[in-house]
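In case you want the letters, here they are:
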Amino acid sequence: MIDIVKKYWLVILLVIIAPISINYFILKPAFFEFVGKDTDWLNFWGAYIGTVLSSFIAFYVLHKQLNQNQNENDNNRRLQINILHYQQKSQWLTELKIKLAEYYKSFSFNDMNEIADRILIKETNASMQIKEVRASLKQIIDRFGIADFSKGIMFSNKLTKEEGDFIAKLKSYSDEFCALLEDIDWYMFEVFGHNGGDDLLRGMYVNKTKEYQQEKHTHISQGQRIWDIIIEFNYQITSKNKEIISTRMKEAMQYIEADDIQKTISDLIDYEQETINKILRREENGTEQ
């Protein structure tokens, strides 16, 4: 009641003063003659003031109703936008999960282990061995390239800091795996198939290794590249083939462990799901994105 009085004190004051003032002025002697009796003017002012007050109240009620309708329309519009946004983001997340699953699968850990096992010992028909191994590598490279690209285009250029961190981490896995594929493919194509001892082939090994080392490499590896390992084994590719391949595989696998990739993907999905859930929480709190 106190709040109402404070808010509408002027209206209350006018309601009280108006009849007293009218009565006072009617009883006072007029400066000039009026048509009609005092009671007629009393009825007139009563009807006039009543009409004004009724009009004011009607206008006030209409104004409040229009504001209420506007607020309801704004709330409905915001609700529809948020629901649409939520549905779009949920559909996007479903597609992202599929792409990330394909991305993880494309690392082909079992296939790479089989390829490494086959390279450890040079077969009688080395040319066929090289051809088949490189064909298998090409399949892995093509499959991984498509999966990596499909995953990448799911994200816009406007990344949050958290998304940027996840993408950077996934890129480090991609770079490491691609660097491994490039090294193994180069190894098979350039130096694996040559016949002869280490001393006889040393000059050729040195030149080929330096040429490959000096090439522009797109993918960055945190571990040793194949040329570092070959130099470490003093270019003894013929006699140290098994050690070179085993070392290169171990170098790569310590940076692309399956558990680490799975955790990064799971954390990314959880983050995106939480971001989508915030859309509905914003609606519950009455805020708009």
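Conventions adopted
Residues numbered from 1 in each chain as written. Predicted model: local features only at pLDDT ≥ 70, side-chain atom pairs only at ≥ 80, totals over all residues. Heavy atoms only, no water. Helix = DSSP H or I, 4+ residues; strand = E, 2+ residues; numbered from the N terminus. Buried < 20%, exposed > 50% of the residue type's maximum accessible area, 1.4 Å probe, protein only. Contact = heavy atoms within 4.5 Å. Areas by Shrake-Rupley, 256 points an atom, 1.4 Å probe, with all protein chains shown as cover. Salt bridge = Lys/Arg side-chain N within 4 Å of Asp/Glu carboxyl O. Expected span 1.5 Å × (residues − 1). Phe/Tyr/Trp six-rings, centres within 6.5 Å; stacked < 30°, edge-to-face > 60°. Lys NZ or Arg CZ within 6 Å of the ring centre and 35° of its normal.

Visitor: Which parts of the structure should I look at to understand the overall build of the protein?
Guide: If you tally the helices and strands in the protein, you get 10 helices and zero strands. The order of helices and strands in the protein, counted from the N terminus, is α-α-α-α-α-α-α-α-α-α. Evaluated residue by residue, the protein yields a buried proportion of 30% over its 289 residues. Of the contacts made within the protein by residues no fewer than 6 positions apart, 77% connect residues no fewer than 24 positions apart. Only carbon and sulfur atoms are counted for the fraction: they give 58% of the accessible area of the protein, which is about 19,100 Å².

Visitor: Please explain the pattern of salt bridges as it appears in this structure.
Guide: Pairing of side chains with opposite charge becomes possible as their charged atoms draw close. A complete count under the given rule lists 15 salt bridges for this structure. Taking the shortest distance from any N to any O, the salt bridge between Arg143 and Asp111 comes out at 3.5 Å. One end of the pair, Arg143, is in helix α5 (residues 126-152); the other, Asp111, is in helix α4 (residues 109-119), with 32 residues separating them in the sequence. In this structure, Arg202 engages Asp199 in a salt bridge whose closest nitrogen and oxygen atoms are separated by 4.0 Å. In this pair, Arg202 and Asp199 both sit in helix α7 (residues 198-214), three residues apart, roughly one turn of the helix. The partly exposed category is assigned to Arg202, whose relative accessible area is 25%.

Visitor: Teacher, can you tell me more about α5 here?
Guide: Since the α-helix packs 3.6 residues into each turn, any two residues three or four apart lie on the same face. Here α5 contains 27 residues, and its C-alpha end-to-end distance of 38 Å stays within 8% of the 39 Å for a straight helix at 1.5 Å per residue. Inspection of α5 places Ala126, Gln129, Ile130, Val133, Leu137, Ile140, Phe144, Ala147, Ser150 and Lys151 among the buried residues, and these make up the whole buried set.

Visitor: I would appreciate a short explanation of the packing of aromatic side chains in the present structure.
Guide: Here the distance between the centres and the angle between the planes together describe a pair of aromatic rings. What the rule picks out here adds up to 12 aromatic pairs. Each ring, one from Tyr103 and one from Phe144, has its centre 5.9 Å from the other, and the planes form 40°; the classification is tilted. Highlighted residues: Tyr103 in helix α3 (residues 38-105) and Phe144 in helix α5, separated in sequence by 41 residues. For the residue pair Tyr103 and Phe144, the accessibility class agrees, reading buried in each case. One cation-aromatic arrangement involves Lys89 over Trp92; the distance from NZ or CZ to the ring centre is 4.4 Å. The ring centre of Phe192 lies 5.5 Å from the NZ or CZ of Lys122, which sits over that ring.

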